[in-house]
Amino acid sequence: IGEPSQRFGDDHLRLLRAVRFAARLGFVIEGRTLAAIAELAPLIHRVSAERVRDELTLMLTEGQAARAMQLLLETGLLRQLLPEVAAMEGVPQPPEFHPEGDVWTHVRLMLDQLAGASPTLAWGVLLHDIGKPPTFREADRIRFDAHDAVGAQMADQICQRLRMSRDQTEQIDELV
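Before going into details, it helps to say that this report is about the structure given with it. (Residues numbered from 1 in each chain as written. Predicted model: local features only at pLDDT ≥ 70, side-chain atom pairs only at ≥ 80, totals over all residues. Heavy atoms only, no water.)

1. Observations concerning unusual backbone geometry
In step 1: Phi angles above zero are rare outside glycine, and Gln64 is one such case at about 65 degrees.
In step 2: Structurally, the position occupied by Gln64 is in the loop between α4 (49–61) and α5 (65–75).
In step 3: Even without being a glycine, Ala146 presents a positive backbone phi close to 60 degrees. (Helix = DSSP H or I, 4+ residues; strand = E, 2+ residues; numbered from the N terminus.)

2. Looking at the packing of aromatic side chains
Each aromatic ring pair is summarised here by two numbers: the centre-to-centre distance and the angle between the ring planes.
In step 1: Overall, the coordinates contain 1 aromatic pair when judged by the stated rule.
In step 2: Ring centres of Phe136 and Phe144 lie 5.9 Å apart, and the angle between their planes is 55 degrees; this geometry places the pair in the tilted category.
In step 3: By relative accessible area, Phe136 is classed as partly exposed at 31%.
In step 4: Its end group placed over the ring of Phe144, Lys132 keeps NZ or CZ at 4.9 Å from the ring centre. (Phe/Tyr/Trp six-rings, centres within 6.5 Å; stacked < 30°, edge-to-face > 60°. Buried < 20%, exposed > 50% of the residue type's maximum accessible area, 1.4 Å probe, protein only. Lys NZ or Arg CZ within 6 Å of the ring centre and 35° of its normal.)

3. Quick notes on the pattern of salt bridges
In step 1: Summed over the entire model, instances satisfying the criterion amount to 14 salt bridges.
In step 2: Put simply, Arg32 and Glu3 hold a salt bridge, and the shortest N to O gap is 3.3 Å. Residue Arg32 is located in helix α3 (residues 31–40), and its partner Glu3 is located in the segment before α1 (4–10); the two are separated by 29 residues in the primary sequence.
In step 3: With a closest N to O distance of 2.7 Å, Asp145 and Arg137 form a salt bridge.
In step 4: What emerges from the salt-bridge pattern is a single network uniting Arg17, Arg20, Arg24, Glu55 and Glu62. (Salt bridge = Lys/Arg side-chain N within 4 Å of Asp/Glu carboxyl O.)

Take a look at the structure:
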């Protein structure tokens with residue numbers, strides 16, 4: 001209600017909530033509101049890690065997780081909060097194993113299958129290939145040497161950054 005920039009300035013968590021509600025309810029975010037989210041995305045760092053974690057977890061578990069993550073990417077919020085995840089966009093995969101396309105497309109397809117998943121499983125799906133961008137190399141074919149181990153280390157850092165419990169962090173690391 002009112003001027004989007006002012007509303008988001010009053011409560012920076014609204015940046016994430018707008019994306020979550022739009023994804024879950026199938027809404028299109030109004031143009032000025034979408035522009036304000038993109039412009040103010042850096043302000044999301046003023047929100048506590050716990051509140052960010054909780055909103056992201058709801059996005060991953062309430063339904064429409066792939067749409068939520070795509071909206072986060074399009075608004076710049078994903079690059080602010082999870083740059084390791086945003087880095088998956090455009091990273092090619094071997095077409096004989098992944099005819100769906102790049103790493104980001106693969107992850108979004110998996111997120112589409114998350115109905116009823118636990119928070120831990122949902123985070124595991126989101127983060128399972130984050131080790132691919134930093135390990136990408138193309139020689140005789142596309143390779144991601146040790147992407148699982150690199151990804152597990154990255155997932156651990158993300159979980160710590162978002163202040164997840166030790167138990168949840170260990171489970172997510174194992175999934176990755």
